[in-house]
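Listed below are the residues making up each chain.
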Amino acid sequence: MPTYICFLLKSNPSENEEKEAQSQLIKSDEMQRLRSQALDAFQSGDYIAAIAFLDKILEVCVWDAELRELRAECFIKEGEPRKAISDLKAASKLKNDNTEAFYKISTLYYQLGDHELSLSEVRECLKLDQDHKRCFAHYKQVKKLNKLIESAEELIRDGRYTDATSKFESVMKTEPSIAEYTVRSKERICHCFSKDEKPVEAIRVCSEVLQMEPDNVNALKDRAEAYLIEEMYDEAIQDYETAQEHNENDQQIREGLEKAQRLLKQSQKRDYYKILGVKRNAKKQEIIKAYRKLALQWHPDNFQNEEEKKKAEKKFIDIAAAKEVLSDPEMRKKFDDGEDPLDAESQQGGGGNPFHRSWNSWQGFNPFSSGGPFRFKFHFN
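Residues numbered from 1 in each chain as written. Predicted model: local features only at pLDDT ≥ 70, side-chain atom pairs only at ≥ 80, totals over all residues. Heavy atoms only, no water.

Please explain the overall build of the protein as it appears in this structure.
What the protein contains, in helices and strands, is 18 helices and zero strands. Taking all 381 residues of the protein together, the buried fraction comes to 42%. Counting every atom, the protein has about 22,900 Å² of accessible surface; 47% of that belongs to carbon and sulfur. (Helix = DSSP H or I, 4+ residues; strand = E, 2+ residues; numbered from the N terminus. Buried < 20%, exposed > 50% of the residue type's maximum accessible area, 1.4 Å probe, protein only. Areas by Shrake-Rupley, 256 points an atom, 1.4 Å probe, with all protein chains shown as cover.)

Here's what the structure looks like:
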């Protein structure tokens, strides 16, 4: 008689006891039928049907370890490892010395990227059987990976970001077959680059993470910080806003967004004194001297790389604009009064900006001339 019939047959049962016995026998027949159907479905690869049959049986036979292990196998086949873990944990308690259950739980946690829980479960297996070959082999792999990750996190806490990056690269080499460890390692490398103020590298790695996980809040925050270092304020704001959509109560996100918005607003108002690196009470000779030095340094003809040339062009235009404003008494007074004479929006009456010029309009002038910008083409060797 099946073990899940939970009653005792007496020699002289009462009427109610006899009815209960008949009911249990009918239920037993139904459980046997469902069990047979579940096994057939499992063997034919119809795991969804098998789960449905097993669900019905386990509503009655709650303590059947073997059926829970079978359902766990179905969940694994259907790509639902956490449901499988739940059944296997129950099975590990219902059956004595269930090393197989602990081994499977550990491997499932490992595949999910939870190395700490994986290590804990495989240790339970070895407590039951220290010579268990699969558990011991798995234990060595998990322990090695766990040690690398713990070491890397400690290096981050100590501010040793370059060393931490190296450790996380070792994590990816140690376990290249499970994508979760690659994603988590890259997420932490992205963080290291951002904190170490290596914005170009941070943006590259954070973007790789966000290609795989577009809603990864940590990668969004770290990339936003890198964008701020690169003065890419619009991009930083966009990342902070996306992160805030997924975690609106994060104070770090809120403060970062406010900072990015302030910096964007500030960047839209040029400080000509800062551009030339002179004090607000600087004499005209100091302004011209500072301008000539910076014009030599940032002339686009000095740069071959396209990105560097574009950056130099923007810098050069700002330098030329600063010299134009600060070397002209009337324009300088307007700027000192809080009005940018080269900003159309700050001019009364609006209209076009007669002073706004592109790089092309600044080409062909002599930075050593004390007059206007349009004298002759000047090349730097």
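I keep staring at the state of the cysteines and nothing clicks. Help me out?
What is meant by a disulfide is a covalent connection between two cysteines, made through their sulfur atoms. Enumeration over the complete set of coordinates arrives at two disulfides. For Cys 125, the disulfide goes to Cys 135, at an S-S distance of 2.0 Å. Across the S-S bond linking Cys 125 and Cys 135, the dihedral sits near 95°, which makes this disulfide right-handed. With Cys 125 in helix H6 (residues 115-128) and Cys 135 in helix H7 (residues 133-157), this residue pair connects regions lying ten residues apart in the sequence. For Cys 125, a relative accessible area of 0% corresponds to the buried category. Cysteines bonded in the protein are numbered consecutively along the chain; their disulfide partners then correspond to 1-2, 3-4. (Disulfide = S-S within 2.5 Å.)

Help me understand the packing of helix H16 (residues 306-326) against helix H17 (residues 329-336) in this model?
Relative orientation of the contacting elements H16 and H17 amounts to 100°, with a least axis distance of 6 Å. By the criterion of interaxial angle, the relationship of H16 to H17 is roughly perpendicular. Contact residues: Glu 324, Val 325 and Leu 326 in H16; Met 331, Arg 332 and Phe 335 in H17. When its residues are assigned to classes, the contact of H16 with H17 shows four nonpolar, no polar and two charged. (Axes fitted to C-alpha atoms, helices over the stretch in contact; angles between N-to-C directions. Parallel < 35°, antiparallel > 145°, perpendicular 65-115°, else oblique. Contact = heavy atoms within 4.5 Å. Nonpolar A, V, L, I, M, F, W, Y, C, P; charged D, E, K, R; others polar.)

Sorry, what's going on with the UniProt feature "repeat: TPR" (unreviewed entry) in the protein here?
UniProt feature "repeat: TPR" (unreviewed entry): in the numbering of this structure it lies at residues 99-132 and 217-250. Spanning residues 99-132, this segment combines 79% helix with 0% strand, and its end C-alpha atoms are found 8 Å apart. A helix fraction of 79% and a strand fraction of 0% characterise residues 217-250, whose end C-alpha atoms lie 10 Å from each other. (UniProt positions renumbered as here; feature names shortened; annotations may be inferred.)

I would appreciate a short explanation of the pattern of salt bridges in the present structure.
Close approach of charged atoms allows side chains of opposite charge to pair. For the structure shown, the criterion picks out 21 salt bridges. Residue Glu 153 is joined to Arg 188 by a salt bridge in which the shortest nitrogen-to-oxygen separation is 2.9 Å. Here Glu 153 is found in helix H7, whereas its partner Arg 188 is found in helix H9 (residues 179-195), with 35 residues between them in sequence. Taking relative accessible area as the criterion, Glu 153 reaches 23% and is therefore assigned partly exposed. Its salt-bridge partner being Arg 223, residue Asp 239 comes within 2.7 Å of it at the nearest N-O pair. In this pair, Asp 239 sits in helix H12 (residues 233-246) while Arg 223 sits in helix H11 (residues 217-229), placing the two residues 16 residues apart along the sequence. (Salt bridge = Lys/Arg side-chain N within 4 Å of Asp/Glu carboxyl O.)

Hey, could you run me through the environment of Val 278 in this one?
Within the element layout of this structure, Val 278 appears in the loop between helix H14 (272-276) and helix H15 (284-298). For the pair formed by Val 278 and Tyr 291, sequence separation is 13 residues and the distance between their alpha carbons is 9.7 Å. Residues contacting Val 278, with those up to four places away along its chain left out, are Tyr 273, Glu 286, Ile 287 and Ala 290.

Honestly, the nonpolar core in this entry has me stumped. Any pointers?
Side chains that are nonpolar tend, in soluble globular proteins, to be buried together. Val 171, Tyr 181 and Tyr 240 are the most contacted members of the largest nonpolar core, which totals 50 residues. With nine residues, H7 is the largest single contributor of residues to this core. Discounting chain neighbours no more than four positions away, the residues touching Tyr 181 are Tyr 110, Gly 113, Asp 114, His 115, Leu 145, Ile 149, Val 171, Met 172 and Glu 175. The next biggest cluster of nonpolar side chains, apart from the first, holds 23 residues, and it includes Ala 50, Leu 88, Ile 105 and Tyr 109. (Core = buried A, V, L, I, M, F, W, Y, C linked by side-chain atoms within 4.5 Å.)

Help me out: how do you make sense of the side chain of Asp 64 in this one?
Relative to the helices and strands, Asp 64 is located in the loop between helix H2 (47-60) and helix H3 (65-77). At a separation of 3.0 Å, a polar atom in the side chain of Asp 64 contacts the main-chain amide nitrogen of Leu 67. (Polar contact = N/O pair within 3.5 Å; in protein donor to acceptor, adjacent residues only side chain to side chain.)

What should I look at first to understand unusual backbone geometry in this one?
Glycine aside, residues mostly have negative phi angles, and peptide bonds mostly take the trans form. Phi is positive for Asp 97, close to 50°, though the residue is something other than glycine. Looking at the secondary structure, you find Asp 97 in the loop between helix H4 (81-94) and helix H5 (99-111). Residue Asp 97 is classed as exposed on the basis of its relative accessible area of 57%.

Explanation requested: the packing of aromatic side chains in the structure shown.
Here a ring pair, both rings aromatic, is described through the centre-centre distance and the interplanar angle of the planes. In the structure shown here, the tally under the stated rule is three aromatic pairs. Ring geometry for Tyr 110 against Tyr 181: centres 5.3 Å apart, planes inclined by 45°, an arrangement best described as tilted. Remark: Tyr 181 occurs in helix H9 and Tyr 110 occurs in helix H5; sequence separation between them is 71 residues. Residue Tyr 110 shares its accessibility class with Tyr 181, and that shared class is buried. A ring pair is formed by Trp 298 and Phe 303, whose centres lie 6.0 Å apart and whose planes are at 20°; its orientation type is stacked. Residue classification places Trp 298 among the buried positions, given a relative accessible area of 17%. For Phe 303, a relative accessible area of 18% translates into the label buried. The positively charged end of Lys 315 is found above the aromatic ring belonging to Trp 298, 5.3 Å away from the centroid. Taking the ring centre of Tyr 291 as reference, the NZ or CZ of Lys 323 above it sits at 5.5 Å. (Phe/Tyr/Trp six-rings, centres within 6.5 Å; stacked < 30°, edge-to-face > 60°. Lys NZ or Arg CZ within 6 Å of the ring centre and 35° of its normal.)

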